[in-house]
Amino acid sequence: MKKIQMVDLKGQYSGIKDVVDPAIQEVIDTATFINGPKVHEFQKNLENYLGVKHVIPCANGTDALQIAMMGLGLKPGDEVITADFTFAATVEVIALLGLTPVLVDVEADTFNIDVEAIKKAITPKTKAIVPVHLFGQCANMEAIMEVAKAHNLYVIEDNAQAIGATYTYANGDKAKAGTIGDVSSTSFFPSKNLGCYGDGGAIFTNNDDLAHTIRGIVNHGMYKRYHHDVVGVNSRLDSIQAAVLDAKLVHLDTYNASRRRAAHKYNEHFKDVSEITTPYEYGAKDNHVYHQYTLKLSGVDRDALVQYLNDNNIPCGVYYPIPLHNQKAYQDSRYNEADFTVTNQLVKDVISLPMHTELDDEQIAFIANHIKTFING
Ligand SMILES: *Cc1c(COP(=O)(O)O)cnc(C)c1O
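An unreviewed UniProt entry lists the chain under the name DegT/DnrJ/EryC1/StrS family aminotransferase, with Mangrovimonas cancribranchiae given as the organism. The Sequence similarities (unreviewed entry) comment attached to the chain in UniProt states, word for word, "Belongs to the DegT/DnrJ/EryC1 family."

This is the structure in structure tokens:
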């Protein structure tokens, strides 16, 4: 059996080496390291894939979120509602811009932001909602867009974990994750579903004016050479990373299908284990692209299981072990523990298993059997 890894980037690379190596070499040969033709090609190809008017590449997914918020002109004092159960980057950029983060609870089954909790958190200062498509499954975008419209709020999708997922509306219409809100951000961190070989990110929008504003912000607030109209940042996608991403984009649907297949294989192994709740999927089958495969445990010593798996050379992860509202940096006296019952429980119960494009049935069986052996004693 191949060595089990949380993410197998080397194995994935061996399947695309023939295309990736010459693409990287071409960037070196032409010395077009910054803003080279590869960046533009990738941008166009991603726009076509997503069916979105504008993709603005940038340096990483955290920058992408920050720049999206800068582009919308959010101002200190504005309240931005986001999920308590997510990676810290989401709340970090809100705080960094002097905006007021308002964390709310998530749904126990999907782990995504709870629309009722959003409604309760809206005040006259609320300006935006940031749903995170956690672990690869789209948040309840139709309901979120409805709430946003009723209260005149922006919606910024944090799509770092769900690139390639397809959201299906109640009427059957479909849209790619990251193309539904006013603006979205994604990350091309190596382990993400579309990852490069370093850092990378992008912002998506269908709004021409916003795209124009953002293109200036990523480039020092410059719309005309050496004329700085707004305070910007320096956030670029390297040409070498764009070359890697362009080579991988054509495989993204196949990669996501492999992840889904692996997830369903795991589900079969766990279907009769009452202590395990396998990931809840809702909507159409392509709504979830399994950035993570995350179980909920009940009546199992989660930390002892993590130790047992590690002792058996099976990597695993706990995403996320601490609710954001309990993190030192993001505590707020206005928060009430009773409003975070789901997140407070999830942080104790979740465990994420190896999930990547190269996972085979033998590895999945090995992992599942170890977990069952641990639970059955
Ligand atoms: C990875 C991630 C980010 C940040 O992306 P970076 O490229 O690492 O800056 C933001 N939000 C979520 C939900 C993520 O998973």
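From this point, things continue past the structure.
Glancing now at the overall build of the chain. When helices and strands are tallied, the chain shows 13 helices and 14 strands. Taken over C-alpha atoms, the radius of gyration comes to 21 Å for the chain, in line with the 21 Å a tight globule of 377 residues would show. Expressed along its principal axes, the backbone C-alpha trace of the chain runs to roughly 70 × 55 × 40 Å. A burial count over the chain gives 54% of its 377 residues as buried. The contacts of the chain with a sequence gap of at least 6 include a subset with a gap of at least 24, amounting to 73%. For the chain, the exposed surface amounts to about 16,200 Å²; the carbon and sulfur share of it is 50%.

Our next topic: the domain arrangement of the chain. When the domains of the chain are assigned, the result is domain 1 (9-104 + 111-249) and domain 2 (252-376). Distance from the C-alpha centre of domain 1 to the C-alpha centre of domain 2: 25 Å. Between domain 1 and domain 2, the contact holds 44 residues from the first and 34 residues from the second. Buried surface at the junction of domain 1 and domain 2, both sides included, amounts to about 3,300 Å², of which 55% is carbon and sulfur. At the boundary of domain 1 with domain 2, the tally comes to 3 salt bridges. Linking lysine 174 and aspartate 286 is a salt bridge whose minimum nitrogen-to-oxygen distance equals 3.7 Å. If you look at where domain 1 meets domain 2, you find 23 residue pairs in polar contact (both at pLDDT 80 or more). Mapped by element, the contributors of at least two residues to the side of domain 1 that touches domain 2 are helix H1 (9-14), strand S2 (79-83), helix H5 (89-96), strand S3 (100-104), strand S6 (166-168), strand S7 (174-176) and helix H9 (239-249). Tallying contributions element by element places S3 first for the side of domain 1 that touches domain 2, with 5 residues. Partitioning the side of domain 1 that touches domain 2 into residue classes produces 23 nonpolar, 13 polar and 8 charged.

In this structure, glutamine 331 sits in the loop between helix H11 (302-311) and helix H12 (341-349). When its relative accessible area of 51% is taken as the criterion, glutamine 331 is described as exposed. In this structure, the C-alpha to C-alpha distance between glutamine 331 and leucine 103, residues 228 residues apart in sequence, is 9.7 Å. Residue contacts for glutamine 331: discarding those within four places in its chain leaves His325 and Asn326. For glutamine 331, the side chain forms a polar contact with the main-chain oxygen of asparagine 326, separated by 3.4 Å.

Okay, the sheet that holds strand S5 (residues 154-158) next. Within a sheet, adjacent strands bond to each other through the backbone by hydrogen bonds, running parallel or antiparallel. Ordered in space as S1-S9-S8-S5-S4-S2-S3, the 7 strands form an open sheet in which the pairing is mixed. Whereas interior strands pair on both sides, the edge strands pair on one side only; in this sheet they are strand S1 (54-58) and S3. The mean inter-strand angle of the sheet, taken between neighbouring strand axes irrespective of direction, is 25 degrees. Relative to strand S4 (residues 126-130), S2 runs parallel, the two being bridged by 4 bridges.

Mapped onto the present numbering, the UniProt feature "modified residue: N6-(pyridoxal phosphate)lysine" (unreviewed entry) falls at Lys192. Residue lysine 192 is classed as buried on the basis of its relative accessible area of 17%.

So, on to the nonpolar core. In this structure, Ile81, Phe85, Val104, Ile118 and Ile144 are the most contacted members of the largest nonpolar core, which totals 36 residues. Those elements that provide at least two residues to this core are S2, S3, helix H6 (115-121), helix H7 (141-151) and H12. Counting only domains with at least three residues in this core, you end up with domain 1 (9-104 + 111-249) and domain 2 (252-376). In this structure, Phe270, Val273, Met355 and Ile364 belong to the second largest nonpolar core, which totals 26 residues.

Taken together, 13 residues sit near the ligand, with Gly61, Thr62, Asp158, Ser187 and Lys192 positioned nearest. Residue threonine 62 places a side-chain N or O atom 2.5 Å away from an oxygen atom belonging to the ligand. For the ligand, the protein covers 91% of the area, taking 380 Å² as the surface of the free molecule. Only helix H4 (61-71) and H5 provide two or more residues apiece to the shell around the ligand. In terms of residue class, the shell around the ligand is made up of 4 nonpolar, 7 polar and 2 charged.

Reading the values: the criteria
- Along every chain, residues carry numbers that run from 1 in the direction the sequence is written.
- Note on the predicted model: pLDDT of at least 70 is required for a residue's local features to be given, and 80 or more for side-chain atom pairs to be given and counted; whole-chain, interface and lining totals, by contrast, use all residues.
- The basis for every side-chain value is the complete set of heavy atoms in the structure, and neither hydrogens nor water enter the calculation.
- UniProt positions are given in the numbering used here, feature names are shortened, and annotations may be inferred rather than shown by experiment.
- Secondary structure elements follow DSSP: runs of H or I of four or more residues count as helices, runs of E of two or more count as strands, with numbering from the N terminus.
- Using C-alpha atoms as the atom set, the radius of gyration is obtained and then compared with a globule rule of 2.2 Å times the number of residues to the power 0.38.
- Exposure categories follow from relative accessible area, calculated using a 1.4 Å probe and restricted to protein chains: below 20% of the type maximum is buried, above 50% is exposed, and the middle band is partly exposed.
- Only heavy atoms matter for contacts: two residues are in contact if any of them lie within 4.5 Å across the pair.
- Here, Shrake-Rupley sampling with a 1.4 Å probe gives the accessible areas, and only protein chains in the shown set may cover a residue.
- In this entry, domain limits derive from an automatic or database-based domain assignment.
- Two parts lose some accessible area (1.4 Å probe) when they are put together, and adding that loss for both gives the buried area.
- Here, a salt bridge means any Lys or Arg side-chain nitrogen found within 4 Å of an Asp or Glu carboxyl oxygen.
- Pairs of N or O atoms within 3.5 Å make up the polar contacts considered here, provided that, within protein, one atom can donate a hydrogen while the other can accept it, and that residues adjacent in sequence are counted only when both atoms are side-chain atoms.
- Under the grouping applied here, Gly and all other residues not named as nonpolar or charged are polar, the nonpolar ones being Ala, Val, Leu, Ile, Met, Phe, Trp, Tyr, Cys and Pro and the charged ones Asp, Glu, Lys and Arg.
- Strand pairing requires that DSSP identify at least two bridges connecting the strands.
- An axis is simply a line fitted to the C-alpha atoms; with a helix, the fit covers only the stretch in contact. Between two such axes, the angle follows the N-to-C directions and lies from 0 to 180 degrees.
- We call a set of buried residues a nonpolar core when its members are Ala, Val, Leu, Ile, Met, Phe, Trp, Tyr or Cys and they connect through side-chain atoms within 4.5 Å of each other.
- Residues are classed as near a molecule or strand on a simple rule: at least one heavy atom within 4 Å of it.

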